[in-house]
Structures are given as structure tokens and as C-alpha cells.
Amino acid sequence: MESKNIDHLFRHHSGKMVAVLTRIFGLSNLEIIEDSIQDTFLKASISWKTNLPDNPEAWLTQAAKNRVLDIFRKLKNEKKHTPELSHGAQTITINDFFLDTQIEDAQLRMIFTACHPKLNPKDQIAFSLKTISGFSTKEIALALLTKEDSIKKRLSRAKKFITNSDIRFTIPQGFDLRARIEQVLEVLYLIFNEGFHSNNKDTLIRKELCGEALRLCKFLLKNKYTNIPSAYALFALMCFHSARLESKTTNENEVLDLKNQDRSQWSFPLIQLGNIMMNKAVESDEYSCYHYEAAIAAEHIKAPNFELTNWKKILHWYECLHELNPSPFYLLNMAVVCIQDSNYIKANVYFNKITIKELEQRSYLYFGAKSDYYSQTNQHDKAIEYLNFTIEKVNNKLEKNYLLKKKQILLQQIENSSQ
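Residues numbered from 1 in each chain as written. Predicted model: local features only at pLDDT ≥ 70, side-chain atom pairs only at ≥ 80, totals over all residues. Heavy atoms only, no water.

Could you give me a rundown of the pattern of salt bridges, with the residues and numbers involved?
Scanning the entire structure with this criterion turns up 16 salt bridges. Among the salt bridges present, the one from Asp 39 reaches Lys 43, with a minimum N-O distance of 3.4 Å. Taken together, the residues span about one helical turn, with Asp 39 and Lys 43 both in helix H2 (residues 30–47) at a distance of four residues. The partner of Arg 178 in a salt bridge is Glu 182, and the shortest N-O contact between them spans 3.5 Å. In this pair, Arg 178 and Glu 182 are both assigned in helix H9 (residues 174–196), four residues apart and thus about one turn of the helix distant. It is possible to trace a salt-bridge network through shared partners that takes in Arg 23, Asp 105 and Arg 109. (Salt bridge = Lys/Arg side-chain N within 4 Å of Asp/Glu carboxyl O. Helix = DSSP H or I, 4+ residues; strand = E, 2+ residues; numbered from the N terminus.)

Can you tell me about the packing of aromatic side chains, naming the residues and giving the values?
Scanning the entire structure with this criterion turns up 15 aromatic pairs. Taken together, a centroid distance of 5.6 Å and an interplanar angle of 55 degrees make the contact between Tyr 189 and Tyr 290 tilted. With Tyr 189 in helix H9 and Tyr 290 in helix H13 (residues 289–302), this pair connects stretches of sequence that are 101 residues apart. Here Tyr 189 falls in the buried class, since its relative accessible area comes to 19%. Their ring planes at 70 degrees and their centres at 5.3 Å tell us that Phe 306 and Trp 311 sit as a pair that is edge-to-face. Per residue, the accessibility class of Phe 306 equals that of Trp 311, and both read buried. Members of the aromatic cluster, each reached through a chain of ring pairs, are Tyr 344, Phe 351, Tyr 366, Phe 367, Tyr 373, Tyr 374, Tyr 386 and Phe 389. Geometry around Trp 266 places Arg 244 over its ring, the cationic atom sitting 6.0 Å from the centre. Positioned over the ring face of Phe 196 is Lys 248, at 3.7 Å from the centre of the ring. (Phe/Tyr/Trp six-rings, centres within 6.5 Å; stacked < 30°, edge-to-face > 60°. Buried < 20%, exposed > 50% of the residue type's maximum accessible area, 1.4 Å probe, protein only. Lys NZ or Arg CZ within 6 Å of the ring centre and 35° of its normal.)

So what's going on with the nonpolar core? Residues and values would help.
For soluble globular proteins, nonpolar side chains are generally found buried alongside one another. One finds Leu 21, Phe 25, Leu 234 and Phe 351 to be the most contacted residues of the largest nonpolar core, which totals 132 residues. If sequence neighbours within four positions are ignored, Leu 234 has contacts with Leu 185, Leu 188, Tyr 189, Cys 217 and Tyr 290. (Core = buried A, V, L, I, M, F, W, Y, C linked by side-chain atoms within 4.5 Å. Contact = heavy atoms within 4.5 Å.)

Can you break down unusual backbone geometry residue by residue, with the values?
In most cases, non-glycine residues show a negative phi, while peptide bonds are predominantly trans. The backbone of Ser 342 sits at a positive phi, close to 60 degrees, despite the residue not being glycine. Accessibility expressed as a relative area gives 49% for Ser 342, which makes it partly exposed. You will see that Asn 378, though not glycine, has its phi angle at about 60 degrees, which is positive. Positionally, Asn 378 belongs in the loop between helix H17 (363–376) and helix H18 (380–393).

Lay out the side chain of Glu 34 with the relevant residues and their values.
Tracing the backbone shows Glu 34 in helix H2. Residue Glu 34 is classed as buried on the basis of its relative accessible area, which comes to 9%. In this view, Glu 34 contacts Val 18, Lys 130, Thr 131 and Lys 159; residues no more than four positions away in its chain are not counted.

How would you summarise the packing of helix H6 (residues 121–132) against H9 if you had to cite specific residues and measurements?
At a minimum axis distance of 10 Å, the contact between H6 and H9 shows a crossing angle of 75 degrees. Taken as axis vectors, H6 and H9 run roughly perpendicular relative to one another. For the pair H6 and H9, the contacting residues are Gln 124, Ile 125, Ser 128 and Leu 129 in the first and Gln 183, Val 187, Leu 190 and Ile 191 in the second. For the contact of H6 with H9, the class distribution of residues is five nonpolar, three polar and no charged. (Axes fitted to C-alpha atoms, helices over the stretch in contact; angles between N-to-C directions. Parallel < 35°, antiparallel > 145°, perpendicular 65-115°, else oblique. Nonpolar A, V, L, I, M, F, W, Y, C, P; charged D, E, K, R; others polar.)

Can you explain empty space enclosed by the protein? Please cite residues and give values.
What the rule picks out here adds up to two cavities of 30 Å³ or more. There is about 40 Å³ of room inside the largest cavity. Surrounding the largest cavity, His 13, Lys 16, Met 17, Val 20, Thr 61, Ala 64, Phe 98 and Ile 103 form its lining. At the level of secondary structure, the elements contributing two or more residues to the lining of the largest cavity comprise helix H1 (3–25) and helix H3 (56–77). Broken down by class, the residue content of the lining of the largest cavity amounts to five nonpolar, two polar and one charged. Volume-wise, the second largest cavity comes out at about 30 Å³. If you trace the second largest cavity, you find it lined by Pro 121, Gln 124, Ile 125, Gln 183, Glu 186, Val 187 and Leu 190. Looking at the lining of the second largest cavity, the elements with two or more residues in it are H6 and H9. When residues of the lining of the second largest cavity are assigned to their parent elements, the largest contribution, four residues, is made by H9. Taken together, the residues that form the lining of the second largest cavity break down as four nonpolar, two polar and one charged. (1 Å grid on protein atoms, 1.4 Å probe; cavity = no way out; pocket = protein on both sides within 12 Å on 5 of 7 lines; lining within 4 Å. Points joined across faces, edges and corners; volume = space filled by probe spheres on them.)

Before we move on, can you summarise the confidence of the model for the protein with the specific residues and values?
In low-pLDDT regions, the fine details of the predicted coordinates are not to be read closely. Summarising the model, the protein shows a mean pLDDT of 86, and 92% of its residues fall at 70 or more. Every residue in residues 86–90 is under pLDDT 50, and counting partners more than four places away or in other chains gives three contacts. (pLDDT = per-residue confidence, 0-100.)

Mind laying out the state of the cysteines, listing which residues take part and the relevant values?
By the definition in use, this model includes zero disulfides. There is no disulfide at Cys 210, and the cysteine sulfur nearest it, in Cys 239, is 11 Å away. Given the relative accessible area of 1%, Cys 210 is considered buried. Left without a disulfide partner, Cys 239 is nearest to the cysteine sulfur of Cys 217, which lies 8.6 Å away. By relative accessible area, Cys 239 is classed as buried at 0%. (Disulfide = S-S within 2.5 Å.)

In C-alpha cells:
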């Protein structure tokens, strides 16, 4: 087994083990649980170099069971609260915690814990990636374009709050479930978005984040209490976007915009799965922002080519989306859609409604869209001026190279038209 595959196995098993052991020993012992699991993986990585087990996953599961007794002894020696573990029937109960259905249940409980509304939103994402997904502090820092020290502080704050507060390690029920699940969906949406269009300087796409968001969302769909329409819509949206991941860059790692992507590379199985999920999402009349975003993504997927995209339908869905949840990003996208549909007057109306500061790190998208607007309306000097603003403000190297290439093409077009 390659080192890369072992790292992948460790990451996913880490989340399982943390969730199961937390269910047994409680959130107050989270620090001890994480330390024990890290120790287990360290020993495994050393021993597996010379003697790889026949079934590595079964080996890790057995190691987790052994850790139950190790942690129990540790807690007992420190005279901390411990569960009543002994022999015979009680041992069978511990084994039951490691059944597939119980592991999934424990992981779903951990998702709700990580996305607790009293936690800072940034802390929620960092804690989710660390505790549920098994990402290292360094990986989280790279994924979120943040210093490692900042991530350590976020994780420390989250753990301190969780271990010191009277939070129950459970799936919320009744009225509480609705508010809590919306928070969970938002965190998963943010994790996916960071993977689909990364803020990382050197990498445009982080497939592992997209895959992790899909995996965690699937937990919600498999539980009868959490498989609500908005969860299906979010999963559909992730499927539609993931279907296009391979076509977003060339073999030379150059950015390809939607117009120039090779649609034959889009994943048909993911599109099919997205359609199935979307059909489930619209079984009720209750629509969320994820419904509308998935509907927009579906329109792009449906179009046989860029020119035949139904821009009017996409604009309608964006208008529904903005009405439900007003956002400067939706206004910007509406302006972009109007430019594609040659409706420049309406595009300008949307531009004028945007406060650029509210776009924060993504403000370069505004200047890029304005450059396209000026280019399409034959205001070439303005187009170059705004494209320069975009190049100056963009952080990602791949996007910067894409924009520089776009500038060369635009300058060439201007020169040709003047001859």
C-alpha cells in the first residue's frame, strides 16, 4: 500500500475513531481521545513500513477497540469520570459501538457537535476538518489560507468550549434539529466551496475538500431525521459541481473558464446522481438557497455548449436566490449573466447595487466582471483598466496567469480592430 493511500486511510479512520470513542467516553475527554488515536496511528505508520497487515482497516478498528480499555485505565487512574466497563456482556456492548451503523451514528453526532451554533463559524470549519475529517493542522491552514498558529487557536477555542460546556453528544431532535441542521449544511457548503474554488495561492482546486464535504453530507441523507429537502439539494449541488472538476484546468494546470471547458470530460455518473438527489429535493414545496444554486448548476450542465446556455432561466434562479438570501455575490452573478445575455443595461443596474468591500477576498471577481462588461460594450480602455485591477487583486497564481493570458488576447483584439 502506497504512503498516499495509508495517509488517506488514517485520515478517514481517525474521524471514525474519534467519534466512536467520544460516544463512549464523552466530550469532556476529547483531548485524551485525540492523543490516544494519534499515538495509535504513529505506531501503525512505523510498524506498517516493514509488516503491512492483510486488512489495514480491520487492524485500525481493532486498535480503536483496544484503545477503549487503555483510555478507561488512564481515566480511572486519574480518577476522572469513566463509563462502567467490565467483562462479559459489557464487552459485547463495546463491540456494538463499532458496528457500521453505530459508527455512522457517532460520526453524525460529531458533525452536529462541531457545528454547534455557539461556536465561532470559523472555529466550526476548522474543528470539523480536524475532528471529523482527520485533517492535520497544517492541511487545514493550507486549505483555509490561514497561518497554522491561527488554526491551532481556533481548534483550542473550539475544544475548550466543547469540553467545558454542557453539550450533549447527540443528534438534535424536534424543533432544535431544524436550526442546527441549517448550520451543519452551511459548514459543509463552505468546506465544499473552498475545495471547488480554493483561496490557496498555488492551488485552484482542492479535491479532498470537495470529497470530504460530499462524504459528510451523505451522513445526513442516510439518517431519517436529517435527510431533509435542503440536504438533498446541497448534495445535488455538490454532485453537479464535482462533475466539472476535471475540466476546470488543462493538463498543464492552466485555468479553463466554463466557456472553454471540454464538456465531454464532465462526469456523467455524478450528473446522474445529482439529478436523482435533486428529484428527492423537490418532493416538497419547501425550497432553500441550495435548491436554487443546484438549479443554476443544472442549467449549465444541461446546456450542450456555452452558447446555448439558458441565461434567462439562470437569471431567474439567481433572482429567487437573492430574494431568499440577499448577497453581493448573487448580484455580481446576475450582472455576469446579463452580460452573457447581452443585456448590458440590466447588468449595469446590478453592478451599481454592489458594495465592493462586502466581496472581501473575492473583490477581484467584481473587477473581472466589469472588465468583461466594458469589453463587450467596446469600451476597450476601461476593459484593460479593470482587468489590471483584477490581476493586481487576485491571489491565486493559476487565476492570475489566466487573467494575464486574457489580457494579451484582449490587447491583440484591440490592435486588430484598430488596423
